[in-house]
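# Fold and geometry: a report
Here are the chains, one letter per residue:
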Amino acid sequence: MIVVLLGAPGAGKGTQAAVLRERLGIPHVATGDLFRAAIRAATPVGLEAKAYMDAGELVPDGVTIRMLEDRLALPDAAAGAILDGFPRTAIQAEALDQFLEARGSRVDAALLIDVPADLLVERLSGRRVCQASGHPYHLELNPPRVTGVCDLDGSALVQRADDAPATVRARLAGTLGDLNDVVAHYRATGALRVVDGRQPIPAVSAGLLAVLDAGLRSMGLR
Ligand code: ADP
Ligand code: ADP
């Protein structure tokens, strides 16, 4: 099963992907995490991606699509994956459809976490992520049990460089148009489901699980 999580930066994709991963038992594949790991390992992909990420711009489609396809070809994704942060452009959405079709598969559900732009700056500016795995927290809206420490793995919480206020605005300005194109793509394929992302985290999780379940049942998959 392939589930795509859609939303602007800060909408709550990473937060909700962790919940869906537990429920569905398929891996959480986040292109942002893959790029950050590639940068840490100083691979050619990492070297290419870094300047774009530092500027809050999208990494070019070619390298992004190849990286995602390589990840989906790994054995742990044989039964599917929850995609977070991919596709982010219409070209990536088309490429994903073709890649899956060649394997007799498809995007079963595209779940949009819908959050108005004015809430996104607050969410991104207060975001802290753990050093070990990037688990997301928020200073006020979703604090860890112990200040500065990840609940799940005990590693230190840090601020991502691209969550600094100047970059946050550039990311939002530069990516919302592309998000609209991707949303239109899945509206056309019939896979799109929309959940109100302004609600507290548990209510958004419940909403996502409800639309996912209804969508899969209507396709005869449940
Ligand atoms: P957020 O969680 O704030 O939405 P991500 O961690 O998903 O951010 O992405 C961080 C950065 O990685 C993006 O600003 C972009 O530079 C790059 N990136 C991630 N996914 C993609 C993608 N599908 N296409 C192009 N660039 C991407
Ligand atoms: P994305 O992966 O879409 O960029 P994240 O899951 O990293 O978003 O969430 C962005 C920030 O907003 C984090 O600090 C997170 O703790 C917080 N957050 C996520 N969902 C909610 C919510 N429903 N209400 C309040 N804060 C949220």
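Each residue is numbered by its place in its chain's sequence as written, counting from 1. To read the labels, note that chains go from A and ligands from 1, taken in the order they are written. Local features in a predicted model are, by the rule used here, given only for residues with pLDDT of at least 70; side-chain atom pairs are given and counted only at 80 or more, and totals for whole chains, interfaces and linings are based on all residues. Water and hydrogen atoms play no part in the side-chain values, which are based on all heavy atoms of the structure.

## Description of the overall build of the protein
- Numbering of helices and strands runs from the N terminus, with a helix taken as a DSSP run of H or I at least four residues long and a strand as a DSSP run of E at least two residues long. Looking only at helices and strands, one finds eight helices and eight strands in the protein.
- Atoms considered for the radius of gyration are the C-alpha atoms alone. The globule rule reads 2.2 Å times the number of residues to the power 0.38. By the compact-globule yardstick of 17 Å for 222 residues, the protein fits well, its C-alpha radius of gyration being 17 Å.
- Over its C-alpha atoms, taken along the principal directions, the protein stretches across nearly 45 × 40 × 35 Å.
- Taking all 222 residues of the protein together, 44% fall into the buried category.
- Any two residues having at least one pair of non-hydrogen atoms within 4.5 Å are treated as being in contact. Counting contacts in the protein only where the partners sit at least 6 residues apart, residues at least 24 apart contribute 69% of the total.
- Measuring between centres, the 23 positive side-chain charges of the protein sit 4 Å from its 26 negative side-chain charges. Buried, partly exposed and exposed residues are distinguished by accessible area as a fraction of the type maximum, computed with a 1.4 Å probe on protein chains only: under 20%, between the cut-offs, and over 50%, respectively. In this tally Asp and Glu are treated as negative and Lys and Arg as positive; neither His nor the chain ends contributes. One atom stands in for each charge, and that atom is NZ of Lys, CZ of Arg, CG of Asp or CD of Glu.

## Notes on the pattern of salt bridges
- We count a salt bridge whenever a side-chain nitrogen from Lys or Arg sits within 4 Å of a carboxyl oxygen from Asp or Glu. Within this structure, the stated rule accounts for ten salt bridges.
- In this structure, Asp 33 engages Arg 36 in a salt bridge whose closest nitrogen and oxygen atoms are separated by 2.9 Å. Residue Asp 33 and its partner Arg 36 are located together in helix 2 (residues 31–40), separated by three residues, close to a single helical turn.
- Assessed through its relative accessible area of 31%, Asp 33 is described here as partly exposed.
- Given the relative accessible area of 22%, Arg 36 is considered partly exposed.
- A salt bridge links Asp 162 to Arg 160, with the nearest nitrogen and oxygen atoms 3.0 Å apart.

## Quick look at the site of ligand 2
- Around ligand 2 lies a shell of 20 residues, among which Lys 13, Thr 15, Arg 127, Tyr 137 and Gln 199 are the nearest.
- Between an oxygen atom of ligand 2 and a main-chain N or O atom of Gly 12, the distance comes to 3.0 Å.
- A distance of 2.6 Å separates an oxygen atom of ligand 2 from a polar side-chain atom of Arg 127.
- For ligand 2, whose accessible area on its own is 560 Å², the fraction buried by protein is 93%.
- Counting only elements with at least two residues in the shell around ligand 2, the list comes to helix 1 (13–24), strand 6 (136–138) and helix 8 (201–218).
- Basically, the charged four are Asp, Glu, Lys and Arg, the nonpolar ten are Ala, Val, Leu, Ile, Met, Phe, Trp, Tyr, Cys and Pro, and anything else, Gly included, counts as polar. Across the shell around ligand 2, the residue classes break down as nine nonpolar, eight polar and three charged. Proximity is defined per residue: any heavy atom of the residue falling within 4 Å of a molecule or strand makes that residue near it. In protein, a polar contact requires one atom able to donate a hydrogen and another able to accept it; more generally it is a pair of N or O atoms within 3.5 Å, and residues adjacent in sequence count only if both atoms are side-chain atoms. Calculation of accessible area relied on Shrake-Rupley with a 1.4 Å probe; when residues are assessed, cover is drawn exclusively from the protein chains displayed.

## Notes on the side chain of Arg 171
- Along the chain, the position of Arg 171 falls in helix 7 (residues 165–189).
- For Arg 171, the side chain forms a polar contact with the side chain of Asp 163, separated by 2.9 Å.
- When sequence neighbours within four positions are dropped, the list of residues in contact with Arg 171 reads Pro 9, Gly 56, Leu 124, Arg 127, Arg 160, Asp 162 and Asp 163.

## Considering the site of ligand 1
- Taken together, 19 residues are adjacent to ligand 1, and Thr 31, Glu 57, Gly 85, Arg 88 and Arg 171 come closest.
- One nitrogen or oxygen atom from the side chain of Thr 31 is found 2.8 Å from a nitrogen atom belonging to ligand 1.
- Note that an oxygen atom of ligand 1 is positioned 2.7 Å from one of the side-chain N or O atoms of Arg 88.
- In isolation ligand 1 offers 560 Å² of accessible surface; the protein chains occlude 96% of this area.
- The element that contributes the greatest number of residues to the shell around ligand 1 is helix 2, accounting for four residues.
- For the shell around ligand 1, a count of residues per class yields six nonpolar, five polar and eight charged.

## Some words on the sheet that holds strand 7 (residues 157–158)
- When DSSP finds at least two bridges between two strands, those strands are taken to pair. Taken in spatial order, the three strands make up an open sheet running 6-5-7, and their pairing is antiparallel. This sheet does not close on itself; its edge strands, each paired only once, are strand 6 and strand 7.
- Of the strand pairs in this sheet, strand 5 (residues 127–130) and strand 7 are connected by two bridges, and their pairing is antiparallel. The residue of strand 7 that forms the bridge with Val 129 is Val 158.
- For helices, the axis comes from a line fit to the C-alpha atoms of the stretch in contact; other axes are also lines fit to C-alpha atoms, and the angle between any two N-to-C directions lies between 0 and 180 degrees. Across the face of the sheet, helix 6 (residues 117–125) comes into contact with strand 5 and strand 6 while running at roughly 45° to strand 5.

## Structural notes on the packing of helix 5 (residues 90–101) against helix 7
- For the pair helix 5 and helix 7, the least separation of the axes is 8 Å and the interaxial angle reads 40°. Relative to helix 7, the element helix 5 lies oblique. Facing Ala 90, Ala 93, Glu 94, Leu 96 and Asp 97 of helix 5, the residues of helix 7 in contact are Asp 181, Val 182, His 185, Tyr 186 and Thr 189.
- In the contact of helix 5 with helix 7, the residues fall into five nonpolar, two polar and three charged. When an angle is under 35 degrees it counts as roughly parallel; over 145 it counts as roughly antiparallel; between 65 and 115 it counts as roughly perpendicular; any other value is oblique.

By themselves, these figures tell us nothing about what the structure is for.
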